[in-house]
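Summary of structural features
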Amino acid sequence: MRNFTYLVPRSLNEAISMHESRRGRAKYIAGGTDVLVKIKEGKLAPDGLISLRHIIGQDRPFLNAETGELYIGAFMTHRSIERSPLIQHRYPILHDAVKNIGSVQIRNVATIGGNLVNAVPSADGAIPLIALDGKAHIYGAKGDRLIDLTRFFLGPGQCDLQGAEILTEIIIPPIAPRTGGAYVKHGRREAMELPMLGVGVLLSLEADMATCTKARICLGVAAPTPFRAREAEAYLTGRPVTEETLAEAGRIAAGESRVRDSIRGVAWYRREMVGVLVKRMGILALERAKR
Ligand SMILES: Cc1cc2nc3c(=O)[nH]c(=O)nc-3n(C[C@H](O)[C@H](O)[C@H](O)COP(=O)(O)OP(=O)(O)OC[C@H]3O[C@@H](n4cnc5c(N)ncnc54)[C@H](O)[C@@H]3O)c2cc1C
């Protein structure tokens with residue numbers, strides 16, 4: 001392993017100027033659970049690691065009571081999100097996802113921002129945040145910008161961050177009443193494994209508690225980037241949510257997926273499981289919306 005300098009900025013601006021002065025030869029590090037693995041494997045050889053851990057930011061999710069928006073700091077660990085009563089009760093789809101990332105030791109240091117910026121198709125944190133219509137708040141030398149998470153992922157390992165930009169938070173718009181969501185990480189085992197498939201379903205209902213007013217069906221490891229199965233969402237919208245309509249939405253989503261064979265699973269099985277899990281998560285989302 002090549003020697004590198006470890007830098008500890010105290011502000012976003014200091015981090016950005018450290019990054020810029022090293023002209024692409026430095027890397028940000030948050031929890032280090034992805035970046036250090038890559039350095040050890042020889043896939044990365046930065047001459048500097050710029051820690052984001054000492055920059056003051058939110059240490060718990062914050063709900064703005066006036067606007068209904070939820071703010072999740074990018075430097076927040078999966079564990080702090082998992083343990084938040086607000087996330088457990090109001091955003092169970094996100095809780096489903098973060099509680100199964102790695103192990104407690106990994107979740108104690110790994111951050112939600114690192115999970116998104118790493119941009120692997122199997123990033124568990126991405127699916128629920130896309131389903132919740134999350135936006136990425138990005139800060140750079142030229143100021144800040146906000147982009148939809150659906151446009152944040154550009155390809156495996158690639159996201160829409162330029163130069164020294166830092167992902168600072170994820171903003172979730174207010175959720176409609178009678179909304180429920182659920183996420184499942186599907187793999188051979190639950191702990192310490194990247195998912196073979198990640199499926200998140202979020203449903204909002206009419207006052208009749210049956211008709212779907214809004215559907216989000218988001219898939220991980222089913223294409224080069226996390227994505228929304230928009231045809232399946234359009235099919236459900238305006239229809240009663242039943243086992244039959246959810247099964248049909250699952251079939252449509254399976255058709256939209258671009259699964260492939262990999263070490264963790266073969267394409268035909270993955271496609272089949274998209275259908276099964278969309279229906280299963282839809283049933284759970286419906287139950288939660290009714291609660
Ligand atoms: C044993 C093990 C098990 C794992 N299990 C899972 C799992 O089940 N599910 C899953 O999704 N992932 C899993 N991972 C992957 C990893 O833990 C997560 O992706 C984690 O959230 C990464 O966060 P981090 O803070 O450690 O990122 P780091 O390794 O610190 O950084 C990752 C990348 O993001 C950049 N970066 C980090 N934060 C920012 C920011 N705010 N702005 C700009 N750039 C930034 C870094 O420069 C780097 O390129 C696992 C990893 C290990 C080692």
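Everything numeric in this text was worked out from a predicted model, so none of it was measured. (Residues numbered from 1 in each chain as written. Predicted model: local features only at pLDDT ≥ 70, side-chain atom pairs only at ≥ 80, totals over all residues.)

Some words on the overall build of the protein chain
Quick reminder of the rule: Helix and strand assignments come from DSSP, with helices taken as H or I runs of at least 4 residues and strands as E runs of at least 2, each series counted from the N terminus. With C-alpha atoms as the basis for the radius of gyration, the globule rule is written as 2.2 Å multiplied by the number of residues raised to the power 0.38. To assign burial, the other C-beta atoms lying within 10 Å of each residue's own C-beta are counted, with C-beta atoms placed from the backbone; 20 or more indicates buried, 12 or fewer indicates exposed, and intermediate counts indicate partly exposed. Residues are defined as contacting one another if the C-beta atoms placed from their backbone atoms lie within 7 Å.
Each helix and strand counted, the protein chain has 12 helices and 14 strands in total. What you see for the protein chain is a C-alpha radius of gyration of 19 Å, in line with the 19 Å of a compact globule of 291 residues. Taking the principal axes of its C-alpha atoms as reference, the protein chain extends roughly 60 × 45 × 35 Å. Residues classed as buried in the protein chain amount to 46% of the 291 residues present. Of the contacts made within the protein chain by residues no fewer than 6 positions apart, 65% connect residues no fewer than 24 positions apart.

Some thoughts on the site of the ligand
Applied cut-off: Being near a molecule or strand means, for a residue, that its C-beta atom, positioned from the backbone, comes within 6 Å of it. Any residue outside Ala, Val, Leu, Ile, Met, Phe, Trp, Tyr, Cys, Pro, Asp, Glu, Lys and Arg is labelled polar, Gly included; the first ten of those are nonpolar and the last four are charged. Reported domain spans reflect what an automatic or database domain assignment gives.
The local shell around the ligand holds 30 residues, among which A30, G31, G113, G114 and N115 are the closest. Among the elements that take part in the shell around the ligand, helix α7 (residues 112–118) stands out by supplying 5 residues, more than any other. Here the residues of the shell around the ligand are counted per class, giving 17 nonpolar, 10 polar and 3 charged. Here the shell around the ligand gathers at least three residues from each of two domains, domain 1 (5–51) and domain 2 (62–172).

Quick look at helix α1 (residues 12–21)
Quick note on the threshold: The arc refers to the directions leading from the helix axis to the C-beta atoms.
Among the residues of α1, A15, I16 and H19 are the ones counted as buried. The buried side chains of α1 occupy one side of the element, clustering within an arc of 95° when seen end-on. Immediately beyond the C-terminal end of α1, within one or two residues, lies R23, with a positive phi of roughly 45°.

Regarding the domain arrangement of the protein chain
How big an interface is tends to be reported as the loss of accessible area on association of its parts. The domain boundaries assigned to the protein chain delineate domain 1 (5–51), domain 2 (62–172) and domain 3 (179–290). Centre-to-centre separation of domain 2 and domain 3, based on C-alpha positions: 20 Å. In this assembly, 21 residues from domain 2 lie in contact with 23 residues from domain 3. Every element with two or more residues in the side of domain 2 that touches domain 3 is listed here: α5 (92–98), α8 (126–131) and β8 (153–155). Looking at the side of domain 2 that touches domain 3, its residues break down into 13 nonpolar, 6 polar and 2 charged.

Overview of the sheet that holds strand β7 (residues 143–148)
Strand pairing within a sheet occurs via backbone hydrogen bonds; the two strands may be parallel or antiparallel. For clarity, the threshold we go by: Strand pairing is assigned whenever DSSP identifies at least 2 bridges connecting the two strands. All axes are obtained by fitting lines to C-alpha atoms, using only the stretch in contact for helices, and the reported angles, taken between N-to-C directions, cover 0 to 180 degrees.
In space, the 5 strands of this open sheet follow the order β4-β5-β10-β6-β7, with antiparallel pairing throughout. Edge positions in the sheet fall to β4 (62–63) and β7, since each has one partner strand and no second. Where strand β6 (residues 135–140) lies against β7, 6 bridges are found, and the strand directions are antiparallel. The partner of G140 across the bridge, within β7, is G143. Most of the contacts of α1 go to strand β10 (residues 166–172), to which it runs at about 135°, and overall it touches β6 and β10.

Things to note about the sheet that holds strand β14 (residues 227–228)
As summarised here, the arrangement of the 4 strands in space is β11-β12-β13-β14, forming an open sheet in which the pairing is antiparallel. Both edges of this open sheet fall to β11 (179–186) and β14, since each of them pairs with a single strand only. Inspection of the sheet shows β11 paired to strand β12 (residues 197–205) by 8 bridges, in the antiparallel sense. Looking across to β12, one finds that H186 is bridged to L197. Helix α12 (residues 267–290) rests against β11, β12 and β13 (212–220) of the sheet, and its axis sits at about 35° to β12.

A few points about the pairing of strand β2 (residues 26–29)
Selection rule: Place the viewer so that the strands point away; then a crossover is right-handed whenever the path from the first strand over the helix to the second strand goes clockwise.
Of the strand pairs in this sheet, β2 and strand β3 (residues 48–51) are connected by 4 bridges, and their pairing is parallel. Bridging from a neighbouring strand, Y28 pairs with I50 of β3. For the handedness criterion, the β-α-β arrangement of β2, helix α2 (residues 35–40) and β3 is classed as right-handed.

Examining the environment of G143
Within the fold, G143 resides in strand β7. The spatial distance from the C-alpha of G143 to the C-alpha of E165 is 9.3 Å, given a sequence separation of 22 residues.

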